[in-house]
Amino acid sequence: MADTNQKNESQLNIELDQDVAEGTYSNLAIINHSVSEFIVDFINIMPGVPKAKVKSRIILTPQHAKRLAKALAENIRKFEQDHGEIKDYEQPPVPLNFGPTGQA
């Protein structure tokens, strides 16, 4: 009986709200970091449109960023094993402007 309780205590119940479940499309990610965190901004840029907004920002600890990178690499490997190599087409560099810059 103790084993069953211990298993239940170690499980994590994750909720997914409907608005989050719909997701947000992104075709550009910009990554910045400091000594204590990684910041990933997800952006949707449209051809011929000179302005785009950050749609989502995720802030991670360096340890979690490394775990995420490993998990993403493993999932890409599995995807390519099942569906073939993902082609990485060359795209022209996107000139980025995050508006006025300041110093803290």
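Criteria and thresholds
Residues numbered from 1 in each chain as written. Predicted model: local features only at pLDDT ≥ 70, side-chain atom pairs only at ≥ 80, totals over all residues. Heavy atoms only, no water. Pairing = 2+ DSSP bridges. Helix = DSSP H or I, 4+ residues; strand = E, 2+ residues; numbered from the N terminus. Salt bridge = Lys/Arg side-chain N within 4 Å of Asp/Glu carboxyl O. Buried < 20%, exposed > 50% of the residue type's maximum accessible area, 1.4 Å probe, protein only. Contact = heavy atoms within 4.5 Å. 1 Å grid on protein atoms, 1.4 Å probe; cavity = no way out; pocket = protein on both sides within 12 Å on 5 of 7 lines; lining within 4 Å. Points joined across faces, edges and corners; volume = space filled by probe spheres on them. Nonpolar A, V, L, I, M, F, W, Y, C, P; charged D, E, K, R; others polar. Patch = residues over 30% accessible without salt bridge, like charges linked within 9 Å, V, L, I, M, F, W, Y side chains within 5 Å. Areas by Shrake-Rupley, 256 points an atom, 1.4 Å probe, with all protein chains shown as cover. Axes fitted to C-alpha atoms, helices over the stretch in contact; angles between N-to-C directions.

**A short note on the pairing of strand S2 (residues 38–43)**
Step number 1: Pairing analysis gives 6 bridges linking strand S1 (residues 28–33) to S2, with the strands arranged antiparallel. Bridged to His33 within S2 is Phe38.
Step number 2: With antiparallel pairing between neighbouring strands as the criterion, S1 and S2 make up a hairpin whose turn holds 4 residues.

**Observations concerning the pattern of salt bridges**
Step number 1: Across all of its chains, the model carries 2 salt bridges by this definition.
Step number 2: Between Asp41 and Arg57 there is a salt bridge; the shortest N-O distance is 2.6 Å. Of the two residues, Asp41 sits in strand S2 while Arg57 sits in strand S3 (residues 54–60), which places them 16 residues apart along the sequence.
Step number 3: One salt bridge in this structure joins Glu74 and Arg77, with 2.6 Å as the shortest N-O distance. Note that Glu74 and Arg77 are positioned in helix H3 (residues 62–83) at a spacing of 3 residues, about one turn of the helix.
Step number 4: In this structure Glu74 comes out as partly exposed when scored by relative accessible area, which is 32%.
Step number 5: With relative accessibility at 41%, the residue Arg77 sits in the partly exposed group.

**Some details on the environment of Ile39**
Step number 1: As for its position among the elements, Ile39 is in strand S2.
Step number 2: Residues Ile39 and Ala65 lie 26 residues apart in sequence; the distance between their C-alpha atoms is 9.2 Å.
Step number 3: With sequence-adjacent residues up to four places away left out, Ile39 is seen in contact with Ile30, Ile31, Asn32, Arg57, Ile58 and Ile59.

**Brief notes about the layout of surface pockets**
Step number 1: Its volume calculated, the second largest pocket comes out at about 320 Å³.
Step number 2: If you list the elements that add at least two residues to the lining of the second largest pocket, you get S1, S2, S3 and H3.
Step number 3: The leading source of residues in the lining of the second largest pocket is H3, at 5 residues.
Step number 4: Grouping the constituent residues of the lining of the second largest pocket by class yields 11 nonpolar, 1 polar and no charged.

**Structural notes on a nonpolar patch on the surface**
Step number 1: A surface patch of nonpolar side chains, about 350 Å² in accessible area, is lined by Leu72, Ile76, Phe79 and Ile86.
Step number 2: Here Ile76 is to be found in helix H3.
Step number 3: Take Ile76: its relative accessible area is 36%, and that puts it in the partly exposed class.

**Some thoughts on the sheet that holds S2**
Step number 1: An order of S1-S2-S3 is seen for the 3 strands of this open sheet, with the pairing classed as antiparallel. The open sheet has two edge strands, S1 and S3, and neither has a second partner. Between one strand axis and the next, the sheet turns by 20 degrees as a mean value, whatever way the strands run.
Step number 2: Of the strands in this sheet, S2 and S3 touch H3, which is tilted by about 115 degrees from S3.

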